[in-house]
There are 2 protein chains.
Amino acid sequence: MDESQGIELGFAQIKKYLAENRIQEFRDSFLDLHLYEQGEFYQSLTQEERVHLYSYLSPKEVADAFDLIEEDKETMKDYLSEMRPSYAAAMLAAMYTDNAVDFLNLLGKQETAKYLSLMSNEEAAEIKELLHYEDDTAGSIMTTEYVSIVANQTVRSAMQVLKSAADFAETIYYIYVVNQENQLVGVISLRDLIINDDDTLISEIMSERVISVHVGDDQFDVAQTFRDYDFLALPVTDYDDHLLGIVTVDDIIDVIDDEATSDYSGLAGVNVDEVGEAPLKAATKRLPWLITLLFLGMATATLIGKYEVLVSEASILAVFISLITGTAGNAGTQSLAVAVRRLAMNDAKGSSFIRIIFSEILTGLVTGAVTGITIFVIVAIWKGNPILGLVIGAAMMAAITVANLAGSFIPMLMDRLGFDPAVASGPFITTLSDLTSVLIYFNIASMFMSYFK
Amino acid sequence: MDESQGIELGFAQIKKYLAENRIQEFRDSFLDLHLYEQGEFYQSLTQEERVHLYSYLSPKEVADAFDLIEEDKETMKDYLSEMRPSYAAAMLAAMYTDNAVDFLNLLGKQETAKYLSLMSNEEAAEIKELLHYEDDTAGSIMTTEYVSIVANQTVRSAMQVLKSAADFAETIYYIYVVNQENQLVGVISLRDLIINDDDTLISEIMSERVISVHVGDDQFDVAQTFRDYDFLALPVTDYDDHLLGIVTVDDIIDVIDDEATSDYSGLAGVNVDEVGEAPLKAATKRLPWLITLLFLGMATATLIGKYEVLVSEASILAVFISLITGTAGNAGTQSLAVAVRRLAMNDAKGSSFIRIIFSEILTGLVTGAVTGITIFVIVAIWKGNPILGLVIGAAMMAAITVANLAGSFIPMLMDRLGFDPAVASGPFITTLSDLTSVLIYFNIASMFMSYFK
């Protein structure tokens, strides 16, 4: 964006106002920034400057910026601990409840209790209500700042409700219609309110076929509903249709990002969000996987060791070990990526399990056959030894088929058993496929040893 | 979602109405569905049923459902070709322009020209305007159905403009303020209109610091702006600030999905969106990569062939080939995934290139050292040969460092040269790292041959 340079220049000016205690100019220029830029500005300050800033901005004003700040746990803790506790509590209370809850979840129970005790009972109750929902459910990403009305009102009075709610509600673009028991019975968009006459009854124009999600639904399923229906917000209900909150599209964008990052991290055996970390810290995070896989790789080495006598008799066999394990590993990774994607798209649940596995074996047989024949021709010509070519080709075909099977079967099995299929990472599948490839290769080779010596 | 079963049952009933020519009941029940469900219903029909449906629904009513249908090229072509050309043209004209353009892009130039010739000049002009924007730019995902006003109006008259626009505009939640030359000068949200008095001037309450994107901006950068600012729509301008269109958040969700899929596909060397394809077709798509990598793998095999004499002298060396290439490949994949993610997050542009490469080498040295020492200890004890352990350990450390370097350098170089860094796929890096690992391994081993015989 072209604006960024202008913003950076502006930041220097605003910092100058802050340093020189030019309160009004500081407030005007800071509050004129977009909320995201306010957050960026805040994050660009030193601790000293931030403490200075707290005296010139109200907790509510800082809360608006905090709604758009995403930082790691330690930094967020630092931010809070440098505020006076009452100021911090007031700021948390002024944030959108879902964001405040995300924040408090970083802090741990004791800290959370401290800040809750400093809030009004009403404010604390709202936050407590959301705190107990399980991670990654609709409940954990919803907010309670929605607008609801009862059906026997006119458009005019609904607009009045909206006006008074516009200040606190996270979205005013949908208004949810509830009955006396707070059960969700309809929804109406602001667009509908605007195009209808002021005297129209809400019950006449509301949509009664409300799409809603349950509070315990997985957040990825909620994201899928957003993708399908192109909504800006969805209501969240309990199992008796009581309206509990809403999920807004900005939170869903974060969920979709998380989903992609988690799949992607799984495929590479690394948390790809380590971006920007110091080399030593990055190494510490990558090593557990590498060492685990090293031990798994030792199994392959041990297995090759068992066939060492074959290799010593025909060293030509050693030449093709990495070609066969490598190609099978590549095929297994392809198969894994497709399977994890399929699971993420909810495309592989239920009865189709067998069908998908069968289809992957078939794909493996076809790719294996083509690759096997290719390598047979190459080796037969290159080494002038068609039998060697046959052995390599046959081993390649079998190894690829097994790798394809493992690449789809393992993640699907994990999903069935209730584990995250992305944990079946790419390197894990590759290393496992090395083991089976070597086994296949040397077993086939041992049958034809007389041709290689 | 629990509703799905209810919807399926409903579908059967609606199909029955259609089959029995109970027009009014069919129309009522169909139009009562959410647009997404209308699309689902439409997709569940046979061709015969669809042709039947066209006679009972207006092009505009079908267009609403089509705005939410996502299907492959062939199916979309079939849908269009079974409608009368004038009906199809009217439907395309009634869709949101950005969706109609996506649709027409599937059809090719000749078909597109046919449908455009059947529309009114005005409708055709709107579509033509969007057709010429390059893929993956803000221009290619924007729509021209926005609401704009001039600044010297009151809230009351702006609300009037909104009311008349609510029917066609893709979003009415932001109103863009332009000057006489149609240059973007401000923005006001519907929320602002609602909380202000009817007689307030727009110029008094609009925000003049409008965040906008340029028509040629990459769609991933546009998505990043959405993520940062939590907007529901962003205006798109040319390089002289003229307002050309808007991008809405529902299209951005698709962009973010595409982005994730493309990175993910790159890491596995397979288009993960092949989901649901027949085994033979899937195999055809995976084979080009596998065969390419097979030839690259042949280079590694040839290289090992050069050292065959070493292996024939000390077959123990063969035992560790796959362990070293495998572990280095795993490290390279980790490094690649982090680099591609960093590039996607726009975190690696400009001067930090050298710093990031340096930091990856350092990470490689640390992980390499720890892994190398681990394998040294294991081999020294297992094989009772500390010199062999030293060779394996040293080769492992060097191979991991080089793989880490390649995993970050190659995608960043590709990005610099203007290629998509995700093309530097995981299997490619792994196969390349096999080659260097073997080279390093045998070179180190050859120095200590006397200890292994």
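Residues numbered from 1 in each chain as written. Chains lettered and ligands numbered in written order. Predicted model: local features only at pLDDT ≥ 70, side-chain atom pairs only at ≥ 80, totals over all residues. Heavy atoms only, no water.

Caption draft 1: Fine view of the side chain of A:Ser189. Within the secondary structure, A:Ser189 sits in strand β3 (residues 184-189). Residue classification places A:Ser189 among the buried residues on the basis of a relative accessible area of 13%. (Helix = DSSP H or I, 4+ residues; strand = E, 2+ residues; numbered from the N terminus. Buried < 20%, exposed > 50% of the residue type's maximum accessible area, 1.4 Å probe, protein only.)

Caption draft 2: Up close: empty space enclosed by the protein. Under the definition given, this model contains seven cavities of 30 Å³ or more. In this model, the largest cavity occupies a volume close to 280 Å³. Lining the largest cavity are 23 residues, with A:Asn330, A:Thr333, A:Thr430, B:Asn330 and B:Thr430 positioned closest to its centre. Those elements that place two or more of their residues in the lining of the largest cavity are α20 (321-344) and α23 (426-446) of chain A together with α20 (321-344) and α23 (426-446) of chain B. Residue composition of the lining of the largest cavity, grouped by class: four nonpolar, 17 polar and two charged. When its volume is computed, the second largest cavity comes out at roughly 150 Å³. (1 Å grid on protein atoms, 1.4 Å probe; cavity = no way out; pocket = protein on both sides within 12 Å on 5 of 7 lines; lining within 4 Å. Points joined across faces, edges and corners; volume = space filled by probe spheres on them. Nonpolar A, V, L, I, M, F, W, Y, C, P; charged D, E, K, R; others polar.)

Caption draft 3: A look at a negative patch on the surface. Residue and element names in this part refer to chain A. There is a patch of like negative charges on the surface, built from Glu70, Glu134, Asp135, Asp136, Asp218, Asp221 and Asp258. Relative to the helices and strands, Asp221 resides in helix α15 (residues 219-229). Its relative accessible area of 36% is what places Asp221 among the partly exposed residues. (Patch = residues over 30% accessible without salt bridge, like charges linked within 9 Å, V, L, I, M, F, W, Y side chains within 5 Å. Areas by Shrake-Rupley, 256 points an atom, 1.4 Å probe, with all protein chains shown as cover. Salt bridge = Lys/Arg side-chain N within 4 Å of Asp/Glu carboxyl O. Lys, Arg positive; Asp, Glu negative; His and termini not counted. Charge placed at Lys NZ, Arg CZ, Asp CG, Glu CD.)

Caption draft 4: Representation of the domain arrangement of chain A within the structure. Residue and element names in this part refer to chain A. Taken domain by domain, chain A holds domain 1 (3-133), domain 2 (148-256) and domain 3 (272-451). Distance from the C-alpha centre of domain 1 to the C-alpha centre of domain 2: 29 Å. Across the contact, six residues belong to domain 1 and seven residues belong to domain 2. Of the roughly 490 Å² buried between domain 1 and domain 2, counting both surfaces, carbon and sulfur atoms make up 37%. When the area that domain 1 buries against domain 2 is broken down by residue, the three leading residues are Tyr96, Asp98 and Tyr133, summing to 70%. For the pair domain 1 and domain 2, the number of links is zero salt bridges. Connecting domain 1 to domain 2 are zero residue pairs in polar contact (both at pLDDT 80 or more). Looking at the side of domain 1 that touches domain 2 residue by residue, the classes come out as two nonpolar, one polar and three charged. (Domains from an automatic or database assignment. Contact = heavy atoms within 4.5 Å. Buried area = accessible area lost by both parts, 1.4 Å probe. Polar contact = N/O pair within 3.5 Å; in protein donor to acceptor, adjacent residues only side chain to side chain.)

Caption draft 5: Just the UniProt feature "domain: CBS" (unreviewed entry) in chain A, in detail. Residues and elements named next belong to chain A. The feature "domain: CBS" (unreviewed entry), as annotated in UniProt, sits at residues 142-204 and 206-262 in this numbering. Counted over residues 142-204, helix gives 32% and strand 22%. Its end C-alpha atoms are 28 Å apart. As annotated, residues 206-262 has a helix share of 44% and a strand share of 23%, and its two end C-alpha atoms lie 39 Å apart. (UniProt positions renumbered as here; feature names shortened; annotations may be inferred.)

Caption draft 6: Spotlight on the interface of chain B and chain A. Contacts between chain B and chain A engage 115 residues on the former and 115 residues on the latter. In total, chain B and chain A occlude about 10500 Å² of area from one another, counting both sides; carbon and sulfur atoms represent 66% of this. Inspection of the region where chain B meets chain A yields six salt bridges. The interface formed by chain B and chain A contains 24 residue pairs in polar contact (both at pLDDT 80 or more). With 19 residues, the single largest contributor to the side of chain B that touches chain A is helix α17 (residues 279-306) of chain B. Residues belonging to the side of chain B that touches chain A are distributed by class as follows: 64 nonpolar, 28 polar and 23 charged.

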